[in-house]
Amino acid sequence: MISYPYGCLEQITSSVFPQLYLPSLMKLEDARKNEIQRNVDAGVHRLSGFQLPNGGFTYWPGGFYSRNDSLRENWATTYAGHFLIEAKALGYAVPDAMLANWTRYQRTTAQSWNGTGYAQTMDQAYRLYTLALALEPEIGAMNRMREQKELPTAARWMLAASYQLAGLTQAADDLSRNLSTEVATSEDWADIFGSRMRDQAVVLRALVTLGRTSQAEALADEISRGLVSERWYSTQSTAYALMAMAHYVGLGQITSYTFEYSIDGKATKLDVGAPMYRTALAGFPDRGAQVRVDNTAGRRLFVTITARG
């Protein structure tokens with residue numbers, strides 16, 4: 001994601017969103033932390049160039065207006081705001097005016113929304129969720145959406161999470177009680193950068209918000225398998241999945257653990273306090289060598305060896 005040749009609003013946001021969580025997922029050297037800081041700061045600065053006077057975001061640099069009828073632009077506007085909210089919560093410098101103008105635009109759009117269908121409903125549900133995440137819940141629009149009989153599963157989970165963030169826990173529980181985590185295929189996915197994994201990540205993020213750890217575990221496993229597979233995923237799917245997984249780990253699912261690894265029989269023992277551990281196999285012989293990993297902890301351990309040349 002870091003090296004992706006981005007240029008549009010969605011890709012710029014996707015390139016920096018997962019980087020917010022790297023310091024909390026693994027121990028990083030100072031140079032790496034500084035690089036992430038620069039990347040995120042640069043991302044915020046670039047996004048400021050996409051924001052219009054009305055608070056919305058144009059999809060390409062140099063745009064002069066934000067189209068309320070463009071679902072891709074609407075979703076990307078919400079997505080960019082979502083990144084800004086979480087970046088600010090983690091201590092990054094996000095201009096107050098930038099977020100305030102975005103919030104004003106989102107509230108106006110949410111209040112005037114009267115759409116139908118999968119893509120439009122998902123677009124509104126995401127808007128309401130991020131407004132609640134920004135501590136600016138639009139309760140009236142949430143109640144109107146709640147009255148709809150046919151809500152996509154992912155939209156219902158987001159709406160439940162919105163009520164949870166707004167402190168209306170009974171409404172959140174009523175909406176999500178016995179609700180499946182299985183997402184349906186949609187012909188309208190392209191309108192809002194959708195995919196099966198992206199919508200699964202949307203559900204996982206909502207489950208984390210609601211504190212549903214038991215339901216989240218199986219879904220997190222499935223998303224994890226997708227991320228490490230050889231399948232191609234869009235920037236939206238990859239970034240949203242990484243973001244949701246980082247929040248899942250933040251629930252305290254991962255505690256300290258131990259393992260040993262050896263190269264040609266020379267062993268190193270480790271006690272790790274972060275969810276992920278990474279090291280360079282320095283001095284690895286040119287002739288090749290056997291790498292062995294022994295799991296000495298009472299939990300699952302996933303291992304990846306990456307070679308570059």
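Residues numbered from 1 in each chain as written. Predicted model: local features only at pLDDT ≥ 70, side-chain atom pairs only at ≥ 80, totals over all residues. Heavy atoms only, no water.

Colleague: Explain the overall build of the protein chain to me, please; I cannot follow it from the model alone.
Modeller: Counting its regular elements, the protein chain contains 12 helices and three strands. Taking 19 Å as the expected radius of gyration for a compact globule of 309 residues, we find that the protein chain reaches 21 Å, a close match to that expectation. Overall, the C-alpha framework of the protein chain stretches about 65 × 45 × 35 Å when taken along its three principal axes. Burial analysis of the protein chain (309 residues in total) assigns 48% to the buried set. (Helix = DSSP H or I, 4+ residues; strand = E, 2+ residues; numbered from the N terminus. Rg over C-alpha atoms; globule rule 2.2 N^0.38 Å. Buried < 20%, exposed > 50% of the residue type's maximum accessible area, 1.4 Å probe, protein only.)

Colleague: Teacher, can you tell me more about the pairing of strand β1 (residues 257–263) here?
Modeller: In terms of burial, β1 is a largely internal element, five of the seven residues being buried. Note that β1 and strand β2 (residues 266–272) share seven bridges and pair antiparallel. In the strand pairing of β2, Ile 263 is matched with Lys 266. With antiparallel pairing between neighbouring strands as the criterion, β1 and β2 make up a hairpin whose turn holds two residues, including Asp 264 at a positive phi of roughly 55°. (Pairing = 2+ DSSP bridges.)

Colleague: Help me out: how do you make sense of the environment of Leu 20 in this one?
Modeller: Following the sequence through the fold, Leu 20 ends up in the loop between α1 (9–16) and α2 (22–25). According to the relative accessible area criterion, Leu 20 is buried, its value standing at 5%. In the structure, Leu 20 is positioned 70 residues away from Leu 90 in sequence and 7.7 Å away in space, judged by C-alpha atoms.

Colleague: Just checking my understanding: could you explain the packing of α1 against helix α3 (residues 30–48) for this structure?
Modeller: To characterise two packed helices, one gives the angle between the axes of the helices and the distance between these axes. Close contact between α1 and α3 brings their axes to 9 Å; oriented N to C, the two are set at 160°. Between α1 and α3, the angle falls in the class roughly antiparallel. For the crossing formed where α1 meets α3, the hand is left-handed. Between α1 and α3, the residues in contact are Leu 9, Ile 12, Thr 13 and Val 16 and Asn 39, Val 40, Gly 43, Arg 46 and Leu 47, respectively. The class makeup of the residues in the contact of α1 with α3 is five nonpolar, three polar and one charged. (Axes fitted to C-alpha atoms, helices over the stretch in contact; angles between N-to-C directions. Parallel < 35°, antiparallel > 145°, perpendicular 65-115°, else oblique. Left-handed = near helix turned anticlockwise from the far one by under 90°. Contact = heavy atoms within 4.5 Å. Nonpolar A, V, L, I, M, F, W, Y, C, P; charged D, E, K, R; others polar.)

Colleague: How should the nonpolar core be read in this particular structure?
Modeller: Generally speaking, nonpolar side chains in soluble globular proteins are found buried as a group. Residues Leu 47, Phe 83, Leu 84 and Leu 204 are the most contacted members of the largest nonpolar core, which totals 86 residues. Ignoring any residue separated from it by four or fewer positions in sequence, one finds Leu 84 in contact with Val 44, Leu 47, Phe 57, Val 94, Met 98 and Leu 99. Residues Tyr 257, Tyr 261, Ile 263 and Leu 270 belong to the second largest nonpolar core, which totals six residues. (Core = buried A, V, L, I, M, F, W, Y, C linked by side-chain atoms within 4.5 Å.)

Colleague: Which parts of the structure should I look at to understand helix α5 (residues 96–112)?
Modeller: An α-helical turn contains 3.6 residues, so a residue and the one three or four places further along point in the same direction. Compared with an ideal rise of 1.5 Å per residue, which puts 17 residues at 24 Å, α5 spans 25 Å between its outermost C-alpha atoms and is within 8% of the ideal. Within the sequence span of α5, burial applies to Met 98, Leu 99, Trp 102, Thr 103, Tyr 105, Gln 106, Thr 109 and Ala 110. (Expected span 1.5 Å × (residues − 1).)

Colleague: Please explain the sheet that holds strand β3 (residues 291–295) as it appears in this structure.
Modeller: Adjacent strands of a sheet pair through backbone hydrogen bonds, lying either parallel or antiparallel. Taken together, three strands build an open sheet; the order of strands is β2-β1-β3 and the sheet is antiparallel. The open sheet has two edge strands, β2 and β3, and neither has a second partner. Taken over all neighbouring pairs, the strand axes of this sheet differ in orientation by 20° on average, direction set aside.

Colleague: I tried to follow helix α10 (residues 196–210) on my own but got confused; where do I start?
Modeller: The end-to-end C-alpha separation of α10 is 21 Å, in line with the 21 Å expected for 15 residues at 1.5 Å each. The first or second residue beyond α10 is Gly 211, which carries a positive phi of 75°.

Colleague: Would you mind showing me how to read the pattern of salt bridges here?
Modeller: Pairs may arise between side chains of opposite charge once their charged atoms sit close together. Within the structure shown, the criterion is met by 16 salt bridges. Arg 107 is the partner of Glu 138 in a salt bridge, and the nearest nitrogen-oxygen pair spans 3.2 Å. With Glu 138 in the loop between α6 (118–133) and α7 (139–146) and Arg 107 in helix α5, the pair connects residues that are 31 residues apart, well separated along the chain. You can call Arg 107 partly exposed: its relative accessible area is 26%. Between Asp 123 and Arg 127 there is a salt bridge, and its shortest N-O distance comes to 2.8 Å. (Salt bridge = Lys/Arg side-chain N within 4 Å of Asp/Glu carboxyl O.)

Colleague: Looking at this structure, I do not really get the environment of Thr 279. What am I missing?
Modeller: As for its position among the elements, Thr 279 is in the loop between β2 and β3. Under the relative-accessibility criterion, Thr 279 is labelled partly exposed at 36%. Between the C-alpha atoms of Thr 279 and Val 202, which are 77 residues apart in sequence, the distance is 31 Å.

Colleague: For this particular structure, what's the right way to read the environment of Ala 161?
Modeller: Relative to the assigned elements, Ala 161 resides in helix α8 (residues 153–165). Looking at Ala 161, the relative accessible area reads 0%, which means it is buried. Ala 161 sits 46 residues away from Leu 207 along the chain, and the two C-alpha atoms are 7.6 Å apart. Ignoring any residue separated from it by four or fewer positions in sequence, one finds Ala 161 in contact with Tyr 129, Ala 206, Thr 209 and Leu 210.

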